[in-house]
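Breakdown of the fold
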Amino acid sequence: MTDIPSIVKSARAAFDSGRTRPQAFRLQQLEGLWTFLHEREKEITEALHEDLGKPAFEAFLTEIASCRGEVDHTKKKLASWMKPEKVWTSLVAQPGKSFIVREPLGVALLIGPWNYPFYLVIAPLVGALAAGNCAVIKPSEVSAKTSALLARWLPEYLDRSCVQVIEGGIPETTALLAERFDYIFYTGNGVVGRIVMTAAAKHLTPVTLELGGKSPCIVDASADLAVAARRILWGKFSNAGQTCVAPDYVLAHSGIHDALLDRFKTTLREFYGEDPRKSPDYGRIINVRHHQRLMKLMQSGEIVAGGEADEAERYIAPTILKGVAPDAPVMADEIFGPILPVLSVPSVDAAIEMVNRREKPLALYVFASDDDVQQRVIDRTSSGGATINHAWMHLAVAGLPFGGVGPSGMGAYHGRASFETFSHRKSVLKKSTAIDPSLVYPPYDLGKQRWIKRLM
């Protein structure tokens, strides 16, 4: 196995040297990432296709272009983010100046998932480098081709002593978690998230946990059904449903439930044709184990569309279920695959109550033309993020922090939030020595006490 203690020690030495702190070095690393994304687009696309059957344009849109946008935005804003932030100095601390400086945390461990194995490693790396840290990256061994690509090419574009990639499975991850890091950023499921948090507690290491959950999609009677159908199915069946913020289930107002199902069937044919297996725009399940898991969930309701599957090809057609009970197996855990249960509800209030009876999701979607309905859903539910009249587009806005709440995760990133996540906000008070009033020094006679009480 890789000598992980030595690698972490090397990264620590690189950080302690101070080389990562200057703005010029940080920008140099971001430029290296930008060049990597452009020069190795073909290799990245091929690796993603081998791992997930990911269509080339989908790989570009959701993984490569998203990373480019993150790098470009960070490069433009870095200088302003690094400036000390002035704050008001209270009278008791005068004469003096108060400000907050962002300093790098040190050596960060980034543990990536298999569903977006490129973007969900590179995006947090952008924040770690922008904040002046060193990083040790552990890609998912499940998406083996993308893991190998990152290990092969990242060292060619970034400082080798400051950014290191560790390949492997559970033994390597366990060994990494035994080391002391200054920050751990984990993307994955809640089971492993608890393991990561337990390991971090040993060293009191702060963590960001980007987890998942059953992201609900509420469709009101006032919704534009044609638009809703397209946007919901695009969000659901991109990456064959293996997206942490994909609509996990639909709560459709009873008045439009049947009409929405008809729209879904029509839209599926428009997207993927009569046989989605032949579509160049539809992906595959990551492995046989997940394929078998998903096939068991098919029995949770009546199949309205889809249902076809081929284990050898890791193919499951985009599938829509109706007549699903709230306690059916498909409603228990995050589906993470191309199966969409559609449940009928008598009202938006009933939908809100159902959402609130469950654990807080990573994302929530509401489709409605009625502004009051939109606001009611946003005000009365809790989720990591939300989009009104679309699916997971809030991720595309650099100014919106992305993260979970409760069981769906803790911490956030994207844009400035990434920079802040990997920075320590250090409070600094700079005092003048030109004036040194004796007011705060003993002995505290009655005169001093009266003045201090007035000032405080």
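Everything discussed here concerns the structure shown above.
Residues numbered from 1 in each chain as written. Predicted model: local features only at pLDDT ≥ 70, side-chain atom pairs only at ≥ 80, totals over all residues. Heavy atoms only, no water.

**Details of the packing of helix α4 (residues 56–82) against helix α5 (residues 119–130)**
Where α4 contacts α5, the two axes come as close as 9 Å, and the packing angle between them is 10°. In this view, α4 runs roughly parallel relative to α5, as classed from their interaxial angle. Between α4, through Thr62, Glu63, Ser66, Cys67, Glu70, Val71, Thr74 and Leu78, and α5, the contact on the second element is made entirely by Tyr119, Ile122, Ala123, Val126 and Ala130. Split into classes, the residues belonging to the contact of α4 with α5 amount to 8 nonpolar, 3 polar and 2 charged. (Axes fitted to C-alpha atoms, helices over the stretch in contact; angles between N-to-C directions. Helix = DSSP H or I, 4+ residues; strand = E, 2+ residues; numbered from the N terminus. Parallel < 35°, antiparallel > 145°, perpendicular 65-115°, else oblique. Contact = heavy atoms within 4.5 Å. Nonpolar A, V, L, I, M, F, W, Y, C, P; charged D, E, K, R; others polar.)

**Section: unusual backbone geometry**
For the peptide bond that leads from glutamine 94 to proline 95, omega is -10°, which places it in the cis range. Here proline 95 lies in the loop between β1 (85–87) and β2 (96–104). Residue proline 443 follows proline 442 across a cis peptide bond; omega there is 5°. With respect to the element layout, proline 443 can be found in the loop between β20 (423–431) and α15 (446–455). Although it is not a glycine, arginine 314 adopts a positive phi angle of roughly 55°. With respect to the element layout, arginine 314 can be found in the loop between β11 (309–310) and β12 (315–316). Owing to a relative accessible area of 21%, arginine 314 belongs among the partly exposed residues under this scheme. (Buried < 20%, exposed > 50% of the residue type's maximum accessible area, 1.4 Å probe, protein only.)

**Some thoughts on the side chain of aspartate 51**
Within the element layout of this structure, aspartate 51 appears in helix α3 (residues 41–52). We note that aspartate 51 is buried and unpaired, the nearest opposite charge coming from lysine 145 at a distance of 7.0 Å. For aspartate 51, the residues in contact, after removing those within four places along its chain, are Ser143, Ala144, Lys145, Thr146, Ile286 and Arg314. (Lys, Arg positive; Asp, Glu negative; His and termini not counted. Salt bridge = Lys/Arg side-chain N within 4 Å of Asp/Glu carboxyl O.)

**Structural notes on the pattern of salt bridges**
Per the stated rule, a full pass over the model turns up 25 salt bridges. In this structure, the salt-bridge partner of arginine 102 is glutamate 420, at a minimum N-O distance of 3.0 Å. Of this pair, arginine 102 sits in strand β2 while glutamate 420 sits in helix α14 (residues 416–421), and the two are 318 residues apart along the sequence. There is no split in this pair, since arginine 102 and glutamate 420 are both buried. The shortest N-O distance in the salt bridge between arginine 380 and aspartate 349 comes to 2.8 Å.

**Topic: the sheet that holds strand β6 (residues 183–187)**
Ordered in space as β5-β4-β3-β6-β7-β18, the 6 strands form an open sheet in which the pairing is mixed. Of all the strands in the sheet, just β5 (163–165) and β18 (409–410) have a single pairing partner and so form its edges. Across 2 bridges, strand β7 (residues 207–210) lies against β18 in antiparallel orientation. Residue pairing across strands places leucine 209 opposite methionine 410, the latter belonging to β18. (Pairing = 2+ DSSP bridges.)

**Observations regarding the layout of surface pockets**
Considering only enclosed or pocket space, the largest pocket measures out at about 1500 Å³ in volume. Considering the residues around the largest pocket, the lining is formed by 50 residues, among which Tyr186, Gly188, Asn189, Gly190 and Val191 are closest to the centre. For the lining of the largest pocket, the elements supplying multiple residues, two or more each, are α7 (170–177), β6, α8 (190–202), β7, α11 (288–297) and β18. In the lining of the largest pocket, the residues fall into 22 nonpolar, 16 polar and 12 charged. Lining of the second largest pocket is provided by 21 residues; of these, Ser66, Tyr119, Trp392, Leu395 and Ala396 occupy positions nearest its centre. Classifying every residue of the lining of the second largest pocket gives 14 nonpolar, 6 polar and 1 charged. (1 Å grid on protein atoms, 1.4 Å probe; cavity = no way out; pocket = protein on both sides within 12 Å on 5 of 7 lines; lining within 4 Å. Points joined across faces, edges and corners; volume = space filled by probe spheres on them.)

**A few points about helix α1 (residues 4–16)**
Owing to its 3.6 residues per turn, the α-helix brings residues three or four apart onto one side. Helix length check: α1, at 13 residues, gives a terminal C-alpha distance of 18 Å against a target of 18 Å (1.5 Å per residue), a fit within 8%. What α1 keeps buried is the set Ile4, Ile7, Val8, Ala11, Arg12, Ala14 and Phe15. End-on, the buried residues of α1 take up no more than an arc of 160°, which puts them together on one face. Exposed residues on α1 whose side chains face more than 90 degrees from its buried face are Lys9 and Asp16. Where α1 is buried, its residues touch β2, β3 (107–111), β4 (134–138), β5 and α7. Just past α1, the residue glycine 18 takes up positive phi, approximately 85°. (Expected span 1.5 Å × (residues − 1). Arc of directions from axis to C-beta.)

**Digging into the sheet that holds β2**
In spatial order, the strands read β1-β2-β20; together these 3 strands make up an open sheet with antiparallel pairing. Where the open sheet ends on each side, the last strands, each with one partner, are β1 and β20. Looking at each pair of strands side by side, their axes are set apart by 30° on average, direction ignored. Bridging between β2 and β20 involves 9 bridges; their strand directions are antiparallel. Following the sheet pairing, glutamate 103 is matched in β20 by histidine 424.

**A short note on the packing of aromatic side chains**
Taken as a whole and assessed by the stated rule, the structure comprises 13 aromatic pairs. A network of ring pairs unites the aromatic residues Tyr183, Phe185, Phe402, Tyr413 and Phe422 as a single cluster. Residue placement shows arginine 40 over the ring face of tryptophan 153; its charged tip is 3.6 Å from the ring centre. For the cation-ring pair, arginine 454 lies above tryptophan 451, with the distance from its terminal atom to the ring centre recorded as 5.1 Å. (Phe/Tyr/Trp six-rings, centres within 6.5 Å; stacked < 30°, edge-to-face > 60°. Lys NZ or Arg CZ within 6 Å of the ring centre and 35° of its normal.)

**Focus: the environment of leucine 294**
Within the secondary structure layout, leucine 294 lies in helix α11. For leucine 294, a relative accessible area of 0% puts it in the buried group. When neighbours within four sequence positions are excluded, leucine 294 is seen to be in contact with Ile285, Ile316, Ile335, Phe336, Gly337, Pro338 and Ile339.

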